Amino acid sequence: MFDFLIEGFGVALSPLNLGLAFLGALLGTLFGALPGIGPINGIAILMPLAYTLGLPAESALILLAGIYTGAEYGGRMSSILLNVPGDAGAVMTTLDGHPLAKKGLAGPALGLSAVSSFVGATIAIIGLTLFAPLLAEVAVMFGPAEFFALMVFAFASMSVMMGKDPVKTAIGAVLGVLIATVGVDSGTGVMRYTFGMAELYDGVDFVVMIIGLFAISEILLMLEHANRRDADTEIPPLGRVFVSLKEVLYCKGAIGRSGLLGFIIGVLPGTGASVAGAVSYTTEKRLSDKEGTFGNGDMRGLAAPEAANNASAAGSFVPMLTLGIPGSGTTAVLLGALMLYNITPGPMMFTERPEVAGGLIASLYIGNIVLLALNLPLAGVFARVLTIPRWVLVPAIAILAFVGVYQLHSDLTAIYLMLIIGVFGYLLRKLGFSLAPVILGYVLGGLMEQNLRRALSISDGDVGILWQSGISLGLWLAAAALLILPWLLPKLLAGNAPREDVEDG
Amino acid sequence: MSTSTKPVADRLLGICLIGLAAFVAVQAINLEVPFSYEPVGPKAFPLGLSVLLAGLSLTLVFKPGTDGHWPHRALALKLLLVLGLLLVYAMLFTRLGFMPTSLLVVAALARLFGAAWSKALITGALMAVGSYFLFTAGLGIVLPTGYWLDAII
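Numbering of residues begins from 1 in every chain and follows the order in which that chain's sequence is written. Here every chain gets a letter starting at A, and every ligand a number starting at 1, in the order they are written. For a predicted model such as this one, the threshold for reporting local features is a pLDDT of at least 70, and the threshold for listing and counting side-chain atom pairs is 80 or more; totals across whole chains, interfaces and linings nevertheless cover every residue.

**Considerations on the overall build of chain A**
Quick reminder of the rule: Runs of E in the DSSP output that reach at least two residues are strands. Runs of H or I that reach at least four are helices, and both are numbered from the N terminus. Only the C-alpha atoms count toward the radius of gyration. The rule for a globule is 2.2 Å times the residue count to the power 0.38. Exposure classification rests on a simple neighbour count of other C-beta atoms within 10 Å of a residue's own: a residue reaching 20 or more is buried, one at 12 or fewer is exposed, and one in between is partly exposed. C-beta atoms are placed from the backbone. Contact between two residues is assigned when their C-beta atoms, built from the backbone, lie within 7 Å.
Across its full length, chain A holds 20 helices and two strands. In terms of C-alpha radius of gyration, chain A reaches 22 Å, essentially the compact-globule figure of 23 Å for 505 residues. Each principal axis of the C-alpha distribution contributes one length, and for chain A these read about 65 × 60 × 50 Å. Expressed as a percentage of its 505 residues, the buried residues of chain A come to 60%. Here the analysis covers contacts within chain A between residues at least 6 apart in sequence; of these, 80% occur between residues at least 24 apart.

Quick look at the structure:
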């Protein structure tokens, strides 16, 4: 059953792909470490350029996956050194990471973060290797009705888990799905929401969408910090750069537990690195914080969320590769990238395109080792990236965004559309929306409608088919439970509980 | 950044989104669909979405969140300036060519983001020339040289 992995290593170990895994890890770490650029922005900015290289699908995916895992790692630098989390997933890293840096242990903190990331990711990649083919075998039995129910479940789980405001998360997802309906309807050839613009016949281009939504809105958002002198922009001295074996062993329990936890959370659709980091940190604090050192620079408090973050990053490949349902915003971007190559991830990919599925998984193993090898000795170099001023960064992002979109069709309309989407993304972010649901909705929207219509074609319009099978009924019930429980539980508890915890609700 | 305006932003958003939902629904209903054997057709999905969006937006109107830090006037002006610059970049991209436009826009952007004029100009020149060769020679992307240059050559 591991044929795909053997074939995958054959693909991933070719000199070109090995080089790409290395390049991806390097670029990803650099972009992830840039102030204000999280993993998702890093991929959004670099992805169009990856296309210009004219790579075959599996090579492009290896490059992008390298960028993804690299960026997840690079994003931790500003958390530890500057107390500024690069993205939501890195918030927990700041809690003990930055105090460590203040104690003069910035170097060991970075080293420990690299080692925990490595171990956490390795646990998850092994989990991915074991479970993805199994899940794919189950998923082969999924018909359109089951896939539709699965997507509803994914959106429900995302609304509850992602972001602060479930209503806004849901609205974001609906807006994303709506954007996906733009263009020629594949079933009937009817134009929907194109307003007579030929550029919209094929729908809103994926690259235009992600660059606008992430890169352009980021430029606008950065303006708010342009002239603010943050007190913490001084990078603390790194001290010794290597973490000692003793320190790593001290954290081994935290790393192992959080790696497993992160993997499981990553597999759940819609729950990404931020949930994994938070859950693992609180779990570890409850389990091992006997002296109350968590929050004051406890190594275990840094190791736990780091292992969990990276484990969830790898874990979110499980639903993406086997079901075609991304587990996080970033994997949604990767999924969209695959679709550009006319590959729709799903259960058939392991049998029909084993070189893509296996090559990707194999390259995750390789990329992970490359990352460790890169980050331990070069931590100091990457840390310097943090000091790049915004007045260099912003124009560079602007150039990359413009060229990335322009090279698609040598067409200015796409650039104007990108700017419009950028303003839209900026407004959403200012209004407290998270962009991940929007991109997830956009990527999944087309598939969702296709599956719905296919299912109803099979049943000749009878809606009952959507919950006829046990699998789909279970998914509907799970989705309903997810949506109702967070609303119901506090009410049930409030009935018995004393009044004190009502006030912060 | 007055705090009293916070719920207003969400309420306004909710109302706008209800308008959007109505627009989406009307457009969907007015689609002219040729006969097809498929029972659902292209209307139902957007219609369902618009109902969902309207419902969610109503929740937002009646239970607005607490988010929102709106830029004060000076920042809003700068925001418009940056947007304007990006628009100028788009408009001159093919007319003036990649290199001159990038030089201008990069320098102006750098200046807006707090660089001194001299540094901004140097950044503009370096980035415009450097990225041009990186993209064209390195990645094989064809970038516009500008109509004026074509005219001279």
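**Describing the overall build of chain B**
Helix and strand content of chain B: six helices and zero strands. For chain B, the sequential pattern of α-helices and β-strands runs α-α-α-α-α-α. When the 153 residues of chain B are sorted by exposure, 31% land in the buried category. For chain B, the proportion of contacts with a sequence separation of at least 24, taken over those separated by at least 6, is 58%.

**Topic: the domain arrangement of chain B**
A common way to report how large an interface is uses the accessible area buried once the components associate. Keep this limit in mind: Domains are outlined according to an automatic or database domain assignment.
Per the domain assignment, the segments of chain B are domain 1 (3-62) and domain 2 (73-152). Using only C-alpha atoms to locate each centre, domain 1 of chain B and domain 2 of chain B end up separated by 39 Å.

**Regarding the interface of chain B and chain A**
Rules: Polarity classes work like this: nonpolar for Ala, Val, Leu, Ile, Met, Phe, Trp, Tyr, Cys and Pro, charged for Asp, Glu, Lys and Arg, and polar for all others, with Gly in that last group.
Counting from both sides, the interface comprises 58 residues of chain B and, opposite them, 52 residues of chain A. Elements supplying a minimum of two residues to the side of chain B that touches chain A: helix 1 (6-29), helix 2 (44-62), helix 3 (73-92), helix 4 (98-112) and helix 5 (117-138) of chain B. Residue classes in the side of chain B that touches chain A are distributed as 41 nonpolar, 13 polar and four charged.

**A few points about the nonpolar core**
For soluble globular proteins, nonpolar side chains are generally found buried alongside one another. This is how it is decided: Any set of buried Ala, Val, Leu, Ile, Met, Phe, Trp, Tyr and Cys residues joined through C-beta atoms within 7 Å is what this text calls a nonpolar core.
Judged by nonpolar contacts, the single largest core of 216 residues is most densely connected at Leu64, Ile211, Ala398, Ala401, Met418 and Ile439 of chain A together with Leu109 of chain B. With near-sequence residues (within four places) excluded, Leu64 of chain A lies in contact with Gly24, Ile43, Met47, Ala50, Leu334 and Ala337 of chain A.

**What to know about helix 4 (residues 57-82) of chain A**
All names here are of chain A. Note the cut-off: Given a helix with a known number of residues, its expected span is that number minus one, times 1.5 Å.
The end-to-end C-alpha separation of helix 4 is 37 Å, in line with the 38 Å expected for 26 residues at 1.5 Å each. Counting buried residues in helix 4 gives 25 out of 26 residues, a clear majority hidden from the surface. Note on helix 4: the residue one or two positions beyond its end, Asn83, has a positive phi of about 65°.

**Overview of the environment of Val248 of chain A**
Position of Val248 of chain A relative to the elements: it lies in helix 9 (residues 245-250). Once you skip the residues sitting within four places of it in the chain, Val248 of chain A turns out to touch Leu112, Val115 and Val243 of chain A.

**Considering unusual backbone geometry**
Residues and elements named next belong to chain A. Here the phi dihedral of Phe195 falls at roughly 50°; this positive angle occurs in a residue that is not glycine. Inspection of the secondary structure assignment puts Phe195 in the loop between strand 2 (191-192) and helix 8 (206-222). Phi at Ser410 takes a positive value of approximately 50°, unusual for a residue other than glycine. Tracing the sequence through the fold places Ser410 in the loop between helix 17 (390-409) and helix 18 (412-430).

**Notes on the environment of Ile126 of chain A**
Residue and element names in this part refer to chain A. Along the polypeptide, Ile126 turns up in helix 5 (residues 91-139). By C-beta crowding, Ile126 is classed as partly exposed, having 14 other C-beta atoms within 10 Å. Taking C-alpha positions, Ile126 is 18 Å from Ala273, a pair spaced 147 residues apart along the chain.

**Describing helix 2 of chain B**
Residues and elements named next belong to chain B. Worth spelling out the cut-off: What the arc measures is the spread of directions leading from the helix axis to the C-beta atoms.
The terminal C-alpha atoms of helix 2 lie 27 Å apart, and with 19 residues this matches the ideal 27 Å at 1.5 Å per residue to within 8%. Taken residue by residue, helix 2 has Phe45, Pro46, Leu49, Ser50, Leu53, Leu56, Ser57 and Leu60 as its buried positions. Along the long axis of helix 2, the arc covered by the buried residues comes to 135°, so they all point the same way.

**A closer look at the packing of helix 17 of chain A against helix 18 of chain A**
Residue and element names in this part refer to chain A. Rule in force here: Under this scheme, a helix contributes an axis fitted over its contacting stretch, all axes are lines through C-alpha atoms, and angles between N-to-C directions fall in the 0 to 180 degree range. In this scheme, roughly parallel covers angles under 35 degrees and roughly antiparallel covers those over 145, while 65 to 115 is roughly perpendicular and the rest are oblique. In this scheme the crossing of two helices becomes right-handed for a clockwise turn of the near helix relative to the far one and left-handed for an anticlockwise turn of less than a right angle.
Between helix 17 and helix 18, the shortest axis-to-axis distance is 8 Å and the interhelical angle comes to 140°. Regarding the angle of helix 17 to helix 18, the classification is oblique. Helix 18 is crossed by helix 17, and the crossing has right-handed handedness. On the side of helix 17, the interface is formed by Ala401, Phe402, Val405, Tyr406, Leu408 and His409, while helix 18 contributes Ala414, Ile415 and Met418.

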